[in-house]
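Breakdown of the fold
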Amino acid sequence: EDKVVQSPLSLVVHEGDTVTLNCSYEVTNFRSLLWYKQEKKAPTFLFMLTSSGIEKKSGRLSSILDKKELFSILNITATQTGDSAIYLCAGSSGTYKYIFGTGTRLKVLA
Amino acid sequence: SAVISQKPSRDICQRGTSLTIQCQVDSQVTMMFWYRQQPGQSLTLIATANQGSEATYESGFVIDKFPISRPNLTFSTLTVSNMSPEDSSIYLCSVIFWDRGENEQFFGPGTRLTVL
């Protein structure tokens, strides 16, 4: 059965810290891995990763995929209170189905 | 990207009643999806709604409980029927623009449902 596992489940840091969120996956016919930020209800898209070893960056956020070891990490540097959210990763096969992890709840303290 | 709206944004309902959630997209899209996120849980796909055909339901979800309509390429509804407190969740619609060569998934703002 396909599954996506995220760790840690929750994390509390102080502003300015750097955090690394982990996502491991077992997805049949894996095609891509997506990261989302969920603050209230709707997840907002962060990254889509399809190739191993190629880092994607957006401001203080970056992510990379390792298709050999079947995991991805999301890094956030110089964290801010506005980064407090649930971060979701999802793995997709060649179809439209995305398997979501349970998320990492990040809280950044001022 | 896409602009996706959902109505209502939240509702509190009595058990045994039904609620219909609407999802509107600002551009035509072949496939629309309905997800549920129960408290403390991740997103679970309920069904895929294609225009002009019956919705395809995932394991554990049935049409009698979650009937879906897809009358055109920009609109869909999900009904939560005969509700019980276990149906209290956030319900999200989403789209993927396969025909644009994209497979990024975009979500609507969600409907927070509480069943008493």
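Report on the accompanying structure. (Residues numbered from 1 in each chain as written. Chains lettered and ligands numbered in written order. Predicted model: local features only at pLDDT ≥ 70, side-chain atom pairs only at ≥ 80, totals over all residues. Heavy atoms only, no water.)

Description of the pattern of salt bridges
A side chain with one charge may pair with a side chain of the opposite charge, provided their charged atoms come close. Applied cut-off: Here, a salt bridge means any Lys or Arg side-chain nitrogen found within 4 Å of an Asp or Glu carboxyl oxygen. Strands here mean DSSP runs of E at least two residues long; helices mean DSSP runs of H or I at least four residues long; both are numbered from the N terminus. Accessible area is worked out with a 1.4 Å probe on protein chains only. A residue is then buried under 20% of its type maximum, exposed over 50%, and partly exposed in between.
Tallied over the entire structure, the rule returns 2 salt bridges over all chains. For A:Arg60, the salt bridge goes to A:Asp83, with nearest N and O atoms at 2.8 Å. Placement of A:Arg60 in the loop between strand 6 (56–58) and strand 7 (61–66) and of A:Asp83 in the loop between strand 8 (71–76) and strand 9 (85–92) is noted, with a sequence separation of 23 residues between them. Exposure remark for A:Arg60: the relative accessible area of 23% places this residue in the partly exposed category. Linking B:Asp87 and B:Lys65 is a salt bridge whose minimum nitrogen-to-oxygen distance equals 2.6 Å. With B:Asp87 in the loop between strand 8 (75–80) and strand 9 (89–96) and B:Lys65 in the loop between strand 6 (56–57) and strand 7 (68–72), this pair connects stretches of sequence that are 22 residues apart.

Examining the nonpolar core
Here is the rule: Here, the term nonpolar core denotes a set of buried Ala, Val, Leu, Ile, Met, Phe, Trp, Tyr and Cys residues that are joined through side-chain atoms within 4.5 Å. Note on contacts: a residue pair qualifies if any of its non-hydrogen atoms lie within 4.5 Å across the two residues.
In terms of nonpolar packing, the biggest core is built from 27 residues, with B:Trp34, B:Ile46, B:Phe66, B:Ile68, B:Tyr91, B:Val95 and B:Leu113 touching the most fellow members. The element that contributes the greatest number of residues to this core is strand 3 (residues 19–25) of chain B, accounting for 4 residues. Each residue touching B:Val95, except ones within four places of it in the same chain, is listed here: B:Ala2, B:Ile4, B:Val25, B:Val29, B:Met31, B:Met32, B:Phe33, B:Glu104, B:Gln105 and B:Phe106. Judged by nonpolar contacts, the second largest core, of 21 residues, contains A:Val19, A:Phe47, A:Leu49 and A:Leu74.

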